[in-house]
2 protein chains.
Amino acid sequence: MMDLGPRRMTTEARREQLLAFGRRHFAEHGYEAMSMDAIADRAGVSKGLLYHYFGNQRGFYMETVRSVTDEVIAITEPPAEQPFDQAFRVMVTCFVGYVQEHSAIYAALVRGGLGSDTEVNELLDRVRTTTMSRILERLGIRRPSALSQIAIYGWVSLIENGCAEWTAAGGASPSRLIDFFISAFEPVLEVLQSEQRS
Amino acid sequence: MMDLGPRRMTTEARREQLLAFGRRHFAEHGYEAMSMDAIADRAGVSKGLLYHYFGNQRGFYMETVRSVTDEVIAITEPPAEQPFDQAFRVMVTCFVGYVQEHSAIYAALVRGGLGSDTEVNELLDRVRTTTMSRILERLGIRRPSALSQIAIYGWVSLIENGCAEWTAAGGASPSRLIDFFISAFEPVLEVLQSEQRS
DNA sequence: CGGCATTATTGACGATTCGTCAATAGCCAT
DNA sequence: ATGGCTATTGACGAATCGTCAATAATGCCG
């Protein structure tokens, strides 16, 4: 349906091809909307091949999601040399840029448009906790209080869902969006500082 | 397994009983972790009865989720007589209180611990958009800009996920949490005011 | 070039689960 | 009591999941 013949590929190449297909497919159709037979047909391979590479239906979905979250984590790495304010802005800007480019799959993922259970949420949470750690590290905070962690976590949720809503609404003028995200961090910073003193 | 005999109940009473069971069951086991046969067995009724009341497996799950989101919307209605600041605080406080009491089901829902696809997210979004409308109405803003809506939406996501993280971390000292949520609204308010002028 | 070993790929199969529906059984009115 | 209404049941057909022995494409080596 998609490929030409059942050409024999190397394991790695086939795997990458199937994951790329998975992103497109799940972004459009979601999880469990189609049977594995139908998915395999659309991908141009046999059902057995999908099971061979990913174990089961969920495995295919999970690996696809992981390929996205890993990419987000890699792209939002803040530059090491710059001072906090600049590095922070770069991080936010890169995140918004990524969502803008990959809005189909990522916005759907954040907004729960795709099937998201405990296991999927663990992958999304890895993005959030990684971002938290980077911020805390840059600020030199080694042992944040419970409230501090909740504050940062809440802010990360704000930019995630704000971005998702933004792309859904057309995705115009990212600069003002970024400015708002940064200003929204101010109350968080205040919590961090007051908690740090005590 | 749960009930005594297959006593014949009124339609409404049976429905309420099954929904109450659904909350407990899905909070603990999630969606699609068990077959309908197993769920019916645990509920102490036949599988056919579940299908009779809710149409299909997803129907049972969706109705259960809806019973929760409807309750959240009802409980977070801000008092009409008081000025904005006070009404706003009451609303936030009620929300935190609800999450604290029903943390098992609601935190799981927000954090994606339960299966959440497009349809489920529509129900969760109804909570968010209702909160947005209430805030805008109280502030007398009739036609908010796109950025204004995104800002409020992001803030609502912040308190939702912040609460979920808070209960997961033990759920102590809600007053400081509430104070943070209210202070986190300040940047949103600035956006609303500046957008309103233009 | 040709035959062989390796392994990527397939499709039919058994097991499980979804959702249906005719049959059953409890409750109320007369 | 008894008869009608309807809440409730469980066996059935259809569809899907995941497995596995068979197949075929590729590369290697003589």
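Residues numbered from 1 in each chain as written. Chains lettered and ligands numbered in written order. Predicted model: local features only at pLDDT ≥ 70, side-chain atom pairs only at ≥ 80, totals over all residues. Heavy atoms only, no water.

**What about unusual backbone geometry?**
Right, on to step 1. For Ser173 of chain A, which is not a glycine, the phi torsion comes out positive at approximately 45°.
Right, on to step 2. When you line up the elements, Ser173 of chain A lands in the loop between helix 8 (146-168) and helix 9 (174-183).
Right, on to step 3. Positioned with a positive phi, Glu32 of chain B is a non-glycine residue whose angle comes to about 65°.
Right, on to step 4. For Glu32 of chain B, the location among the structural elements is in the loop between helix 1 (11-29) and helix 2 (36-43).
Right, on to step 5. Overall, the relative accessible area of 37% leaves Glu32 of chain B in the partly exposed class. (Helix = DSSP H or I, 4+ residues; strand = E, 2+ residues; numbered from the N terminus. Buried < 20%, exposed > 50% of the residue type's maximum accessible area, 1.4 Å probe, protein only.)

**Some thoughts on the interface of chain A and chain B**
Right, on to step 1. The interface is formed by 34 residues belonging to chain A together with 34 residues belonging to chain B.
Right, on to step 2. When the two sides are added together, the surface that chain A and chain B hide from each other amounts to roughly 2,800 Å², 59% of it contributed by carbon and sulfur.
Right, on to step 3. Looking only at chain A, the three residues that lose the most surface to chain B are Arg111, Ile150 and Phe180 of chain A, adding up to 21% of its buried area.
Right, on to step 4. Counting the contacts that link chain A with chain B gives 6 salt bridges.
Right, on to step 5. For Arg176 of chain A, the salt bridge is made with Glu195 of chain B, and the minimal N-O distance between the two is 2.3 Å.
Right, on to step 6. Secondary structure elements with two or more residues in the side of chain A that touches chain B: helix 7 (118-139), helix 8, helix 9 and helix 10 (186-197) of chain A.
Right, on to step 7. With 12 residues, the top contributor of residues to the side of chain A that touches chain B is helix 8 of chain A.
Right, on to step 8. Looking at side-chain class alone, the side of chain A that touches chain B contains 15 nonpolar, 11 polar and 8 charged residues. (Contact = heavy atoms within 4.5 Å. Buried area = accessible area lost by both parts, 1.4 Å probe. Salt bridge = Lys/Arg side-chain N within 4 Å of Asp/Glu carboxyl O. Nonpolar A, V, L, I, M, F, W, Y, C, P; charged D, E, K, R; others polar.)

**Quick word on the packing of helix 7 of chain A against helix 8 of chain A**
Residues and elements named next belong to chain A.
Right, on to step 1. Close contact between helix 7 and helix 8 brings their axes to 10 Å; oriented N to C, the two are set at 120°. Relative to helix 8, the element helix 7 is oriented oblique. The handedness of the crossing between helix 7 and helix 8 is right-handed. In this structure, helix 7 contributes Asp125, Val127, Arg128, Thr131, Met132, Ile135 and Leu136 to the contact, and helix 8 contributes Gln149, Ile152, Tyr153, Trp155, Val156 and Glu160.
Right, on to step 2. Grouping the amino acids of the contact of helix 7 with helix 8 by side-chain chemistry returns 8 nonpolar, 2 polar and 3 charged. (Axes fitted to C-alpha atoms, helices over the stretch in contact; angles between N-to-C directions. Parallel < 35°, antiparallel > 145°, perpendicular 65-115°, else oblique. Left-handed = near helix turned anticlockwise from the far one by under 90°.)

**Comments concerning the nonpolar core**
Nonpolar side chains in soluble globular proteins tend to be buried together.
Right, on to step 1. Trp155 of chain A together with Trp155 of chain B are the most contacted members of the largest nonpolar core, which totals 128 residues.
Right, on to step 2. The contacts of Trp155 of chain A, once residues within four sequence positions are left out, are Phe88, Val92, Ile135, Phe181, Ala184, Phe185 and Val188 of chain A together with Leu158 of chain B. (Core = buried A, V, L, I, M, F, W, Y, C linked by side-chain atoms within 4.5 Å.)

**Considering the protein's contact with DNA strand D**
Right, on to step 1. Of all residues adjacent to DNA strand D, which total 21 residues, the nearest are Arg8 and Lys47 of chain A together with Arg8, Ser46 and Tyr53 of chain B.
Right, on to step 2. Taken together, the sugar and phosphate atoms account for 72% of what DNA strand D places within 4 Å of the protein.
Right, on to step 3. Measuring from a phosphate oxygen of DNA strand D, one finds a backbone N or O atom of Met36 of chain A at 3.0 Å.
Right, on to step 4. For DNA strand D, a phosphate oxygen lies 3.1 Å from a polar atom in the side chain of Tyr51 of chain A.
Right, on to step 5. Where the surface near DNA strand D is concerned, the elements lending two or more residues are helix 3 (47-54) of chain A together with helix 1 and helix 3 (47-54) of chain B. (Near = heavy atom within 4 Å. Polar contact = N/O pair within 3.5 Å; in protein donor to acceptor, adjacent residues only side chain to side chain.)

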